[in-house]
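Take a look at the letters that make up each chain.
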Amino acid sequence: MSEVPAAEAAANAKAALADVHGYAFQHDVVRNLICRQARYPDVADAHDWYMALAYSVRDRMLARWVASMQTYTAQDVKVACYLSAEFLIGPQLGNNLLNLGMEAEAREAMHALGQDLDVLLAIEEEPGLGNGGLGRLAACYLDSLARLEIPAIGYGIRYEFGIFDQEVCDGWQIERTDKWLQRGNPWEIVRPELSHYVGFGGYTRSETDEQGRLRVHWTPTRQVKGVACDMPMQGYDVDTCNILRLWKSEAVESFDFQDFNAGAYYEAVEEKVISETLSKVLYPNDEPEAGKRLRLAQQYFFVSCSLQDLLRLFDLKATPIERLPERFAAQLNDTHPSVAVAELMRLLVDERLLPWDTAWDLTRRTLAYTNHTLLPEALETWGLPLFQSLLPRHLEIIYEINRRFLDDVRRAYPGDEARVTRMSLIDETGDRKVRMAHLATVGTHAVNGVAALHSELLKQTVLHDFAEMFPERFLNVTNGVTPRRFLMLSNPGLARLLHETIGDGWATDLARLDALAAHADDPAFHDAWRKIRRDNKTALAARIEHATGIVVDPDALFDIQVKRIHEYKRQHLNALYIISLYRRLCRNPDLDTAPRCFIFGGKAAPGYAMAKLMIRLITGIAEVVNNDATIKGRLKVVFYPDFNVKNGHWVYPAADLSEQISTAGKEASGTGNMKFMMNGALTIGTLDGANVEIREEAGAENFFLFGLTAQQVEETKREGYHPARYVRDNDELRDALSLISQGHFSRGDREMFRPLLDNLTHSDPFLVLADFADYVACQERVSEAWRDARQWTRMSVMNTARSGKFSSDRAIHEYCERIWNTHRVRIDLAQP
Ligand SMILES: *Cc1c(COP(=O)(O)O)cnc(C)c1O
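Owing to the predicted nature of the structure, the values given are computational and were not obtained by experimental measurement.

Conventions and cut-offs
- Residues numbered from 1 in each chain as written.
- Predicted model: local features only at pLDDT ≥ 70, side-chain atom pairs only at ≥ 80, totals over all residues.
- Heavy atoms only, no water.
- Helix = DSSP H or I, 4+ residues; strand = E, 2+ residues; numbered from the N terminus.
- Rg over C-alpha atoms; globule rule 2.2 N^0.38 Å.
- Buried < 20%, exposed > 50% of the residue type's maximum accessible area, 1.4 Å probe, protein only.
- Contact = heavy atoms within 4.5 Å.
- Pairing = 2+ DSSP bridges.
- Near = heavy atom within 4 Å.
- Polar contact = N/O pair within 3.5 Å; in protein donor to acceptor, adjacent residues only side chain to side chain.
- Areas by Shrake-Rupley, 256 points an atom, 1.4 Å probe, with all protein chains shown as cover.
- UniProt positions renumbered as here; feature names shortened; annotations may be inferred.
- Patch = residues over 30% accessible without salt bridge, like charges linked within 9 Å, V, L, I, M, F, W, Y side chains within 5 Å.
- Salt bridge = Lys/Arg side-chain N within 4 Å of Asp/Glu carboxyl O.
- Axes fitted to C-alpha atoms, helices over the stretch in contact; angles between N-to-C directions.
- Parallel < 35°, antiparallel > 145°, perpendicular 65-115°, else oblique.
- Left-handed = near helix turned anticlockwise from the far one by under 90°.
- Phe/Tyr/Trp six-rings, centres within 6.5 Å; stacked < 30°, edge-to-face > 60°.
- Lys NZ or Arg CZ within 6 Å of the ring centre and 35° of its normal.
- Domains from an automatic or database assignment.
- Buried area = accessible area lost by both parts, 1.4 Å probe.
- Nonpolar A, V, L, I, M, F, W, Y, C, P; charged D, E, K, R; others polar.
- Arc of directions from axis to C-beta.
- Core = buried A, V, L, I, M, F, W, Y, C linked by side-chain atoms within 4.5 Å.
- Expected span 1.5 Å × (residues − 1).

A few points about the overall build of the protein
Now for step 1: Counting its regular elements, the protein contains 34 helices and 22 strands.
Now for step 2: Scaling as 2.2 N^0.38, a compact globule of 832 residues should have a C-alpha radius of gyration of about 28 Å, and the protein matches this with 28 Å.
Now for step 3: Referenced to the eigenvectors of the C-alpha coordinate spread, the extents of the protein come out at roughly 90 × 75 × 60 Å.
Now for step 4: Each of the 832 residues in the protein was classed as buried or not, and the buried ones make up 59%.
Now for step 5: Long-range contacts, defined as pairs at least 24 residues apart, comprise 77% of the intrachain contacts of the protein with a sequence gap of at least 6.

Comments concerning the sheet that holds strand β22 (residues 704–705)
Now for step 1: With parallel pairing, the six strands of this open sheet are ordered in space as β19-β18-β17-β20-β21-β22. With one partner strand each, in any of the chains shown, β19 (635–639) and β22 form the two edges of the open sheet.
Now for step 2: Note that strand β18 (residues 596–601) and β19 share five bridges and pair parallel. The partner of Phe598 across the bridge, within β19, is Val637.

Quick word on the site of the ligand
Now for step 1: As a structural note, the neighbourhood of the ligand is formed by 13 residues, with Lys563, Lys569, Thr671, Gly672 and Lys675 the closest of them.
Now for step 2: Here an oxygen atom of the ligand sits 2.8 Å away from a polar atom, N or O, in the main chain of Thr671.
Now for step 3: Contacts to the ligand include Gly672, whose backbone N or O atom sits 3.0 Å from an oxygen atom.
Now for step 4: Burial of the ligand by the protein chains amounts to 95% of its free accessible area of 390 Å².

Considering the sheet that holds strand β13 (residues 426–427)
Now for step 1: Strand order across the open sheet formed by three strands is β12-β14-β13, with antiparallel pairing between neighbours. Where the open sheet ends on each side, the last strands, each with one partner, are β12 (381–383) and β13.
Now for step 2: Relative to strand β14 (residues 433–435), β13 runs antiparallel, the two being bridged by two bridges. Bridge pairing in β14 places Ile426 opposite Val434.

Looking at the UniProt feature "modified residue: N6-(pyridoxal phosphate)lysine" (unreviewed entry) in the protein
Now for step 1: Mapped onto the present numbering, the UniProt feature "modified residue: N6-(pyridoxal phosphate)lysine" (unreviewed entry) falls on Lys675.
Now for step 2: For Lys675, a relative accessible area of 7% corresponds to the buried category.
Now for step 3: Look past the residues within four positions of Lys675 in its chain and what remains in contact with it is Arg136, Val481, Phe486 and Tyr652.

Some thoughts on a nonpolar patch on the surface
Now for step 1: Residues Ile34, Tyr40 and Val43 make up a contiguous nonpolar surface patch of roughly 280 Å² in combined accessible area.
Now for step 2: Locating Ile34 in the fold gives a position in helix α2 (residues 25–35).

Quick look at the packing of helix α3 (residues 46–74) against helix α4 (residues 93–100)
Now for step 1: Packing of α3 against α4 brings their axes to within 10 Å, and their N-to-C directions diverge by 40 degrees. In terms of orientation, α3 lies oblique with respect to α4. Like other packed secondary-structure pairs, α3 and α4 cross with a definite hand, here left-handed. Where α3 approaches α4, its residues Tyr50, Leu53, Ala54, Val57, Arg60, Met61 and Arg64 are matched on the opposing element by Leu93, Asn96, Leu97 and Leu100.

Quick notes on the packing of aromatic side chains
Now for step 1: The full count for this structure, using the stated rule, is 18 aromatic pairs.
Now for step 2: On the basis of an interplanar angle of 25 degrees and a centroid distance of 6.1 Å, the ring pair of Phe704 and Trp792 is categorised as stacked. Of this pair, Phe704 sits in strand β22 while Trp792 sits in helix α33 (residues 789–801), placing them 88 residues apart in sequence.
Now for step 3: With centroids separated by 5.0 Å and ring planes inclined at 90 degrees, the aromatic side chains of Trp786 and Trp792 adopt a geometry described as edge-to-face. The two residues Trp786 and Trp792 agree in class, both being buried.
Now for step 4: Here a set of aromatic residues connected by ring pairs shows up, and it is made of Tyr82, Tyr141, Tyr815 and Trp820.
Now for step 5: In this structure, Lys292 packs its charged tip against the face of Trp382, placed 5.2 Å from the ring centre.
Now for step 6: The cationic tip of Lys537 hangs over the ring face of Phe558; the distance from NZ or CZ to the ring centre is 4.9 Å.

Some thoughts on the domain arrangement of the protein
Size of an interface, as often reported, equals the accessible area lost when the parts are brought together.
Now for step 1: Each assigned domain of the protein is listed with its residue range as follows: domain 1 (75–90 + 126–479 + 815–820) and domain 2 (529–806).
Now for step 2: If you average the C-alpha positions of domain 1 and of domain 2, the two centres end up 36 Å apart.
Now for step 3: Across the contact, 34 residues belong to domain 1 and 40 residues belong to domain 2.
Now for step 4: Buried area between domain 1 and domain 2, summed over both chains or domains, comes out near 2900 Å², and the portion from carbon and sulfur atoms is 59%.
Now for step 5: For Glu175, the salt bridge identified is with Lys612, shortest N-O distance 2.8 Å.
Now for step 6: The tally of links from domain 1 across to domain 2 stands at 13 residue pairs in polar contact (both at pLDDT 80 or more).
Now for step 7: For the side of domain 1 that touches domain 2, the secondary structure elements donating two or more residues are α7 (133–147), β3 (165–169), β4 (172–176) and α18 (452–460).
Now for step 8: Among the elements that line the side of domain 1 that touches domain 2, the one with the most residues is α18, at four residues.
Now for step 9: Within the side of domain 1 that touches domain 2, the residues separate by chemical class into 15 nonpolar, 11 polar and eight charged.

Section: the side chain of His372
Now for step 1: Along the chain, the position of His372 falls in the loop between β11 (367–370) and β12.
Now for step 2: Only 2.6 Å separates the side chain of His372 from the side chain of Asn333, close enough to count as a polar contact.
Now for step 3: Contacts of His372, omitting those with residues within four sequence positions, involve Leu134, Leu137, Asn333, Asp334, Val450, His454 and Ala668.

Re helix α27 (residues 691–698)
Now for step 1: Buried within α27 are the following residues: Asn691, Glu693, Ile694 and Ala698. For α27, the buried positions fall inside an angular range of 160 degrees around the axis, keeping them on one side.
Now for step 2: Check the buried side of α27 and you find it contacts α18, β20 (657–660), α26 (672–678), β21 (682–685) and α33.
Now for step 3: Within two residues after α27, Gly699 carries a phi angle of roughly 95 degrees, on the positive side.

Focus on the nonpolar core
Now for step 1: Core analysis: the largest hydrophobic core is formed by 218 residues, its most contacted members being Leu53, Phe200, Phe387, Leu576, Phe704, Trp792 and Trp820.
Now for step 2: For this core, the leading source of residues is α3, giving 14 residues.
Now for step 3: Looking at which domains feed residues into this core, each of domain 1 (75–90 + 126–479 + 815–820) and domain 2 (529–806) gives three or more.
Now for step 4: Aside from chain neighbours lying at most four places away, what touches Phe387 is Leu296, Val339, Trp382, Pro392, His394, Leu395, Ile398, Val434 and Met436.

What to know about the packing of helix α30 (residues 731–741) against helix α31 (residues 754–763)
Now for step 1: Here α30 crosses α31 at 150 degrees, and the two axes come no closer than 10 Å. Regarding the angle of α30 to α31, the classification is roughly antiparallel. Once α30 is placed against α31, the crossing between them reads as left-handed. For the pair formed by α30 and α31, the contact residues are Leu737, Ile740 and Ser741 on the first element and Leu757, Leu760 and Thr761 on the second.

Looking at helix α34 (residues 808–820)
Now for step 1: The end-to-end C-alpha distance of α34 is 16 Å, clearly below the 18 Å that 13 residues give at a rise of 1.5 Å each.
Now for step 2: For α34, the capping residue at the N-terminal end is Ser807, with a side-chain oxygen 3.0 Å from the backbone nitrogen of Asp809.
Now for step 3: Just beyond α34, the residue with positive phi is Asn821, at close to 55 degrees.

If you want it as structure tokens, here you go:
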């Protein structure tokens, strides 16, 4: 055949492309059912239809993805790379339909094919690639980046097993393996051709090259291949589609044929098994030290793949390496990816042969670091022997960074050796360790906390010396959440009412919700508001009954605490209050009090015994309270199992009261608090994390405040915390504690809760008993306010109206302006 002229080939491709964009959706779904699922309509089950639908939606996104990548490559754009060990993205189908604006079209097409879209949505497995808030934040940020048309890549790990599924048996948490990939992930595009090699272990050797420069060669003992698994991240109502690129580990060779030929079959596959373990499983938070080696290996694995990939993309254009910070910004989501500082230095110095000073300047200008915690036990460190054996070259680089850095410290503070010791990247007290937060602070140009209070405390406590030395490096970016998933998608009733009342600009400019304030006293609007809230509560009640068998009344006050179970979050403070309320009702069955339903949800780390005991306490209280006829159903307690993003969709829109009761100074920001507020819940909370800003925005009159301030917490600890005093002075508290110790909530077992009681009454670092009395008094103000439905509704409306600040669009805008210097790039599908 003769060759087709280039122009003609291009025209043919363009015509075919129009076909890709233009297929009738229904036709597309059936084609995918046959061509991808190998099923025909008569025998397809709901999961086959879900897959066919998902592939059809994916096809629509891929057209936008290709247009986005073409545009980014053609123009000299700057790309934001978000490095995170976790991306808790939640179910994708509903969100993608929403962002593409094709939910109605899909619903109709599926209806015509005899399928109910809601049933198909419910089938989707959640990719549980994160523990909680930190991973969910990364996901919200990818949504906002795409919406704001910022070229961006999320880089992380494709865990084969994500966060465990939680069941409750006999009142205890049971962990079940998460098998989210069992039936395939239709959103993923595996790119075997796009892989990078990552070394571990071995030794280094230095030599002087012909030009008299010192060169270091690292010979690892083991190599692993990282394969890119991409997921499209579609922006809402724009053509931008960015990438979430997760790395899967593979053996460099599936079989070692030398071993195989010698008859050592098991040795031959062993290397493969070890290599694949790297991306096998997500580590739960709050675990005591154990199995750490694999965790550090995971971190380095994904960081190395990501930085190699970033440099590969950079090289697609023949640009001098000095321009790296003009083309890429890489954000470290907590210290989990902070080995990036050493790895980027290694890639630039050892592999690209740049002088140290040039490499250091480029590294610092490219990287930035977000701190997420002040809790000393959560600040990452790695013992030197472990670090040395896994990453010998990186340890050398860290030593060299440290040597130069400590010289600077000594120059700035002559004679202050105590300061040098405090600031060193190596902790020399006891077993020597690498301090990852110090590495991240020294090796980046910007360090931010995640709420105003947190950023201040960061400067005053864990990074105080650094803030003194480099004040210009420190800033605050208060977290945010995406209003697309957490309002439009999960609360369609409210979204519709907002649309009818104030138009629809709020979805992309959440500050416009402020216009709701004008309707805060309108009785007709109140009726509509209350009806939506009641429907949402009815829907949650149905799910609760399905999951637990407990029947709850949608007219009761829904008082909800959902988040990871942790002593600092103080679910046990809430539990103590419930016991005291229960006792009041027992003593006085005619007490005039409105019905309340306390709902808890959240996972405890499998190795965190105290957190698991807190779950057992809640389920124990539920068992007693829910079955006590004397209180006439005015109190219900529910532990709603397996809290995750998918279940959260039902929870946040159904809350009247949002429990944000952490010990002041301990919660960096919180984001659950923002999801509740947007959906019209009132907050009962301490002055902690973003609660401070939530109260500022909502107005003090629309927020239930209690508890010690961060400063008072510190003072109390300094003067010596004596929990026994609070027990002595408070009858209700004493009564609640003694009921627990008598086995009232443990079927007579007096030993079960002893560790928890001992902790609360002797050594509790989270000061639960110190805040008890004020919490109870505040809850009474809540009950009082609830009696006045009109006033409560007004406060609820005002919370939604004033939640604009907490959109992740606002947060991402700040990162772009103040840290990344990235700009919007318009993608036009019609004009590639
Ligand atoms: C938002 C969210 C969190 C974070 O909740 P906090 O109350 O901020 O701790 C945790 N898990 C899931 C599934 C979430 O959606």
